[in-house]
Amino acid sequence: MTVSTSEQVLLDAIDEHDIVSLTAALIDAGGENPGGTEEKSAQVLADYCRAQGFDVRIREVAPGRPNVIVSIGSDERPGVLFVGHSDVVPAGTGWTTDPFSTVVRDGRIFGRGACDMKGGLAAVVSAMTAVFRAGLADEHPMTLACLVDEEDTGLGIRAFVAEPGLRKYSHCVVAEPTDLVTIFGCRGASNLEIDIRGRSAHAGQPRNGANAISAAARIISVIEASQTELDEHPDPDLGPATWNVGTIAGGTGTSMVADRCVVTVDRRLLPGESAAGVVEDLRSRIESVGDIGSGIDLDVGVSMEMPGFLTSVNDRLVSTAVQSVIDAGAVRIGRSTDIWTASCDGGFVAEQMGIPTIVLGPGEIESQAHRPDESVAVRQLTDSARAYVLTAIRMTALAGL
């Protein structure tokens, strides 16, 4: 697609200095999670956007944990929704710089959250600024939902999709780091806790008890058999749903029959699956086996759930995003589209708001995020902002037809 004259004006308005400055301010504001410390980052973003003249709305979803919803343009026509988050994973150890004192060198920004995802937030704001200053906001409405708690339990996205406000959205772009590959689907995730209760006895007479650890081993065998079935029925794009036994803890001493064992399990979800359905199926499988053990009781609880999503690779949003990355002049190698084995807030948007969703952003999640000396290339931030501009104005133009 040829970049139009009006589009080129917007691309030329993307300011690298402003993106770097906002990224640095967001990094320096911290926001480690678990910990619930996003308030300072949220305030930095809100203050910056107010200074640009944007509509800024703040909703506190827990004490000191505000969602920030930033919009430009009319609320009478559908706009493009961008989703990001203000929290970062804990800094940890092994850094050669202060993780919350931004360093810019060799064309990269270093600091916790540079890649995931303070840089992505700054790129979205830069795109919105270009459209707003050009006087095109009413024609091309855009919203950034910057949410808390993405790295832990998802309080922010759950609150947002439950009460998204009065604005209407035609499409959603989640600005997570994808190395500017357009992600059109990802599996969901659920964490299950299997609490197994038996009966203690002396190890010299184990038949007098009911061993919860032995029961756990048989339950794990049931899970492994379930995985074999899942492998035989993969989704054509996302592959199979998966199980992973993450932790197991139980027993009191070697000479005692274990009366308690807790197993935690990760179950990746395909679109349309729910954690409740997985739990019901697992309990049915356990009951059908029949040899878990007499005197054994168990509960299966869900400690976390994130839905997956799958947007057709032929959807106009996907093709528009791919072309916009190209037209933005982004330098990248490899596939232009892909799926994620990870999960993100986009699943909630697709499931509960019912709009086509993709993930597209600066940085590479596997090699750059969630590690010491996290960084992102400045060039990718500007490329992302340019791609966001083109995607937004092209999709809002289509939605307005």
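Rules used in this analysis
Residues numbered from 1 in each chain as written. Predicted model: local features only at pLDDT ≥ 70, side-chain atom pairs only at ≥ 80, totals over all residues. Heavy atoms only, no water. Core = buried A, V, L, I, M, F, W, Y, C linked by side-chain atoms within 4.5 Å. Buried < 20%, exposed > 50% of the residue type's maximum accessible area, 1.4 Å probe, protein only. Helix = DSSP H or I, 4+ residues; strand = E, 2+ residues; numbered from the N terminus. Contact = heavy atoms within 4.5 Å. Expected span 1.5 Å × (residues − 1). Arc of directions from axis to C-beta. Pairing = 2+ DSSP bridges. Axes fitted to C-alpha atoms, helices over the stretch in contact; angles between N-to-C directions. Phe/Tyr/Trp six-rings, centres within 6.5 Å; stacked < 30°, edge-to-face > 60°. Lys NZ or Arg CZ within 6 Å of the ring centre and 35° of its normal. Parallel < 35°, antiparallel > 145°, perpendicular 65-115°, else oblique. Left-handed = near helix turned anticlockwise from the far one by under 90°. Salt bridge = Lys/Arg side-chain N within 4 Å of Asp/Glu carboxyl O. Nonpolar A, V, L, I, M, F, W, Y, C, P; charged D, E, K, R; others polar.

Q: Teacher, can you tell me more about the nonpolar core here?
A: In summary, soluble globular proteins display a tendency toward joint burial of nonpolar side chains. Membership of the largest hydrophobic core comes to 86 residues, with the highest contact counts inside it found for Phe82, Leu144, Ile194, Ile196 and Tyr388. In terms of residues, this core owes the most to one element, helix H4 (residues 114-133), which gives twelve residues. Residue contacts for Ile196: discarding those within four places in its chain leaves Ala212, Ala215, Ala216, Ile219, Asp259, Arg260, Cys261, Val263, Ile296, Asp297 and Leu298. Core analysis: the second largest hydrophobic core is formed by 24 residues, Val83, Phe160, Ile183 and Cys344 among them.

Q: Would you mind showing me how to read helix H3 (residues 39-52) here?
A: For the α-helix, the turn length of 3.6 residues means that residues three or four positions removed from each other point alike. The end-to-end C-alpha distance of H3 is 20 Å, a good match for the 20 Å that 14 residues give at a rise of 1.5 Å each. Among the residues of H3, those classed as buried are Ser41, Ala42, Leu45, Ala46, Cys49 and Gln52. All buried residues of H3 lie within an arc of 130° about the axis, which places them on one face of the element. With respect to the buried face of H3, the exposed residues turned more than 90 degrees away are Lys40 and Ala51.

Q: How do you make sense of the sheet that holds strand E16 (residues 375-377) when you look at a structure like this?
A: Each strand in a sheet pairs with its neighbour through backbone hydrogen bonds, running either in the same direction (parallel) or in the opposite one (antiparallel). Reading across from one edge, E4-E5-E16 is the order of the three strands in this open sheet, with antiparallel pairing throughout. Either end of the sheet is taken by a strand with one partner, and the two such strands are strand E4 (103-105) and E16. Strand-to-strand twist of the sheet, defined as the mean angle between neighbouring strand axes without regard to direction, takes the value 20°. Here E4 runs beside strand E5 (residues 108-110); their pairing, made up of three bridges, is antiparallel. Among the inter-strand pairings, Val104 is bridged to a residue of E5, identified as Ile109. Strands E5 and E16 of the sheet are contacted by H4, whose axis makes an angle of about 45° with E16.

Q: Even after reading the chapter, I still don't get unusual backbone geometry, so can you show me in this structure?
A: Negative phi values dominate among residues other than glycine, just as trans dominates among peptide bonds. Of note, the amide linkage connecting Asn33 to Pro34 takes the cis form, showing an omega dihedral of 10°. With respect to the helices, strands and loops of the structure, Pro34 is situated in the loop between helix H2 (16-28) and H3. Notably, Asp149 is not glycine yet its phi reads approximately 65°, a positive angle. Examined against the element boundaries, Asp149 turns out to sit in the loop between strand E6 (142-147) and helix H5 (155-162). Phi is positive for Asp373, which is not a glycine, with a value near 55°. Counting through the fold element by element, Asp373 comes out in the loop between helix H10 (365-368) and E16.

Q: I tried to follow the packing of aromatic side chains on my own but got confused; where do I start?
A: Here the distance between the centres and the angle between the planes together describe a pair of aromatic rings. Considering all chains together, one arrives at two aromatic pairs under this definition. Seen in terms of ring centroids, Phe82 and Tyr388 are 5.2 Å apart; in terms of plane orientation they differ by 65°. Their pairing is edge-to-face. Linking Phe82 in strand E3 (residues 79-85) with Tyr388 in helix H11 (residues 378-399), this pair joins segments that are 306 residues apart in sequence. Neither residue differs from the other here; Phe82 and Tyr388 are each classed as buried. The side chain of Arg105 reaches across the aromatic face of Phe110, ending 4.3 Å from its centre. Of note, Arg267 hangs over the ring of Trp243, and the distance from its end group to the ring centre comes to 5.3 Å.

Q: Is there a simple way to explain the sheet that holds strand E9 (residues 188-197) in this structure?
A: Strand order in the open sheet formed by four strands is E10-E11-E9-E12, and the pairing between neighbours is antiparallel. In this open sheet, the two strands that pair with only one neighbour each are strand E10 (242-250) and strand E12 (297-306). Going from strand to strand, the sheet's axes swing by 20° on average, the running direction of each strand aside. Pairing of E9 with E12, which is carried by nine bridges, proceeds in the antiparallel orientation.

Q: What's the story with the packing of helix H8 (residues 316-327) against H11 in this structure? I'm lost.
A: Contact pair H8 / H11: the axes reach a minimum separation of 8 Å and the direction vectors enclose 140°. Taken together, H8 and H11 sit at an angle that is classed as oblique. When you trace H8 past H11, the crossing you get is right-handed. Contacts between H8 and H11 involve Arg316, Leu317, Thr320, Ala321, Gln323, Ser324, Val325 and Asp327 on the former and, on the latter, Ala387, Leu390, Thr391, Arg394, Met395 and Leu398.

Q: Is there a simple way to think about the pattern of salt bridges in this case?
A: If the charged atoms of two oppositely charged side chains come close together, the side chains can form a pair. Going through the model one piece at a time under the given rule, you end up with 17 salt bridges. Note that Arg112 is salt-bridged to Glu374, the shortest N-O span being 2.6 Å. Separated by 262 residues along the polypeptide, Arg112 in the loop between E5 and H4 and Glu374 in the loop between H10 and E16 bring together distant segments of the chain. Residue class for Glu374 comes out buried when judged on its relative accessible area of 1%. Here Glu273 ties to Arg267 by a salt bridge, and the two come within 3.0 Å at their closest N and O atoms.

Q: Can you help me understand the packing of H3 against H4 in this one?
A: For any two helices packed against each other, the geometry is given by the interaxial angle and the distance between the axes. Packing of H3 against H4 brings their axes to within 11 Å, and their N-to-C directions diverge by 10°. Viewed along their axes, H3 and H4 adopt a mutual orientation that is roughly parallel. Considering how the two elements wind past one another, H3 and H4 form a crossing that is right-handed. From H3, Ser41, Leu45, Tyr48, Cys49 and Gln52 reach across to H4, where they touch Lys118, Val125, Thr129, Phe132 and Arg133. Residue composition of the contact of H3 with H4, by class: five nonpolar, three polar and two charged.

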